[in-house]
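Listed below are the residues making up each chain.
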Amino acid sequence: MGLTERVWDAFANTIKLNDKVEQLNTTVAKQQSHIEDLNARVIRLEAALEFALHAQRSRRLPASPR
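Owing to the predicted nature of the structure, the values given are computational and were not obtained by experimental measurement.

**As for the overall build of the protein chain**
For step 1, the next point in the chain: Across its full length, the protein chain holds one helix and zero strands.
For step 2, the next point in the chain: Since a compact globule built from 66 residues should have a radius of gyration of about 11 Å, the 29 Å found for the protein chain marks it as more spread out than a globular shape.
For step 3, the next point in the chain: Across its three principal directions, the C-alpha atoms of the protein chain cover 100 × 20 × 5 Å.
For step 4, the next point in the chain: A total of about 6700 Å² of accessible surface is found on the protein chain, and carbon and sulfur atoms cover 60% of it.
For step 5, the next point in the chain: Here the protein chain contributes 10 positively and 8 negatively charged side chains, and the mean placements of these two sets differ by 17 Å.

Put into structure tokens, the structure is as follows:
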């Protein structure tokens with residue numbers, strides 16, 4: 001294999017690698033967005049649970065004094 005062929009192969013591999021990195025970057029951005037959405041949902045669920053637990057505690061009758 002001549003020097004020019006090796007240089008050409010190196011350039012071709014670099015371009016292919018760059019395409020793969022760009023695809024990976026897009027995938028990571030989508031995953032990050034999905035994770036942020038899931039975090040927001042968990043926060044809302046935690047808040048709803050806290051409200052429900054607080055409402056349940058406030059509905060209980062106070063203990064009768066002895």
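That covers the picture; the talk isn't over yet.
**Examining the environment of I43**
For step 1, the next point in the chain: With respect to the helices and strands, the residue I43 is situated in helix α1 (residues 3–59).
For step 2, the next point in the chain: On the accessibility criterion, I43 (55% relative accessible area) is exposed.

**A word on the UniProt feature "coiled-coil region" (unreviewed entry) in the protein chain**
For step 1, the next point in the chain: Under the UniProt annotation, "coiled-coil region" (unreviewed entry) lies at residues 21–55.
For step 2, the next point in the chain: As a span, residues 21–55 carries 100% helix and 0% strand, and end to end its C-alpha atoms are 51 Å apart.

Reading guide: rules and limits
Residues numbered from 1 in each chain as written. Predicted model: local features only at pLDDT ≥ 70, side-chain atom pairs only at ≥ 80, totals over all residues. Heavy atoms only, no water. Helix = DSSP H or I, 4+ residues; strand = E, 2+ residues; numbered from the N terminus. Rg over C-alpha atoms; globule rule 2.2 N^0.38 Å. Areas by Shrake-Rupley, 256 points an atom, 1.4 Å probe, with all protein chains shown as cover. Lys, Arg positive; Asp, Glu negative; His and termini not counted. Charge placed at Lys NZ, Arg CZ, Asp CG, Glu CD. Buried < 20%, exposed > 50% of the residue type's maximum accessible area, 1.4 Å probe, protein only. UniProt positions renumbered as here; feature names shortened; annotations may be inferred.

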